[in-house]
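As a plain string of letters, each chain reads:
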Amino acid sequence: MSKTILITGAASGFGKIAAFELAKKGHQVIATTQVYPQMSDLIREASAQGVTLTVDKLDVTNSRDIAYILNKYDIDILISNAGIMEGGPIAEQPVDIIRSMFEVNVFGALELAQGFIKKFIEKKGGKIVFTSSMGGLWTVPYVAAYCASKHALESIAEGLKTELAPFNIKIATCNPGVFGTGFNDRGVDSIFRWYDPKVNFTPETAFDGASESLAHQLDPYSMAEVIVNVALDDNSDFRNVHPKETEDFVKQLQSEAWTAKS
């Protein structure tokens, strides 16, 4: 049965791939982008590929955008995928940068979800899939603030899962490992927009491992496939970490956390 599915952050990465794949499967896809130029690019690409998409603008930090979207669309599934990452040592990272990540990754995602939840309750069912991160389950050095925002999203998702079960509203998270969408690269790049080794006490050598960690990123299509499958599966797992090696690594770290010293 065809579903109506709205995806945020569909201009690139997992959101864009998932939007195209879901549309190819015959679903009614509303692919949303943060700004109008992204919207135009997505319309052109969909047309070039012969893919039928509804493309609209949705900045999840803009309450007017959210109100417009909620008024315009009735959906079966929300894929809450929009997110931003800016790196840096959390002991020195400017708080306004951290706040901006929470505005998108936490408050924007929650405000939009709350709006659609009210609609789902009226229609007696629905599903929300949050694109979280492996960083929502452990803390990666020098992107701790981003991980904190995803930890918060994980708690929100878990709370919604429990609280909305009586209303037949399903909640799931998808937790990518390190995939080559450009998202991680830009997160590392962002450090050097404010970091100055002459001013900051964190040594520049602290970031030496970044290039190595980004050198072996995975093909994002496999993660997008997970998001698609989770969205369409009425009985999907709540938490979906991919790839399996990342899931095993996270579980090991979570276990070791109980014996770690201060």
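You'll find the structure just up there.
Remember, it's a predicted structure, so these values are computed and weren't measured experimentally.

With seven of eight residues buried, strand E6 (residues 169-176) lies mostly within the body of the structure. Relative to E6, strand E5 (residues 126-131) is paired through six bridges, and the arrangement is parallel. Residue pairing across strands places Val129 opposite Ala172, the latter belonging to E6. Since E5 and E6 lie parallel, the crossover through helix H5 (residues 144-164) that links them has a hand, and here it is right-handed. Pairing of E6 with strand E7 (residues 239-242) involves four bridges; the strand directions are parallel. Counterpart to Pro176 in the pairing with E7 is His242.

This part is about the pattern of salt bridges. If charged atoms from side chains of opposite charge come close, those side chains can pair. Throughout the structure, instances matching the rule amount to twelve salt bridges. Its salt-bridge partner being Glu21, residue Lys24 comes within 3.6 Å of it at the nearest N-O pair. Taken together, the positions of Lys24 and Glu21, both in helix H1 (residues 13-24) and three residues apart, correspond to about one turn of that helix. Exposure remark for Glu21: the relative accessible area of 29% places this residue in the partly exposed category. The salt bridge involving Glu158 is made with Arg239; its shortest N-O contact spans 3.1 Å. Of this pair, Glu158 sits in helix H5 while Arg239 sits in strand E7, and the two are 81 residues apart along the sequence. The class of Glu158 is partly exposed, set by a relative accessible area of 39%. Looking at Arg239, the relative accessible area reads 33%, which means it is partly exposed. Each of Glu154, Glu158 and Arg239 takes part in one network of salt bridges that share partners.

What counts, and where the lines are drawn
Residues numbered from 1 in each chain as written. Predicted model: local features only at pLDDT ≥ 70, side-chain atom pairs only at ≥ 80, totals over all residues. Heavy atoms only, no water. Buried < 20%, exposed > 50% of the residue type's maximum accessible area, 1.4 Å probe, protein only. Helix = DSSP H or I, 4+ residues; strand = E, 2+ residues; numbered from the N terminus. Pairing = 2+ DSSP bridges. Right-handed = clockwise from strand over helix to strand, strands pointing away. Salt bridge = Lys/Arg side-chain N within 4 Å of Asp/Glu carboxyl O.

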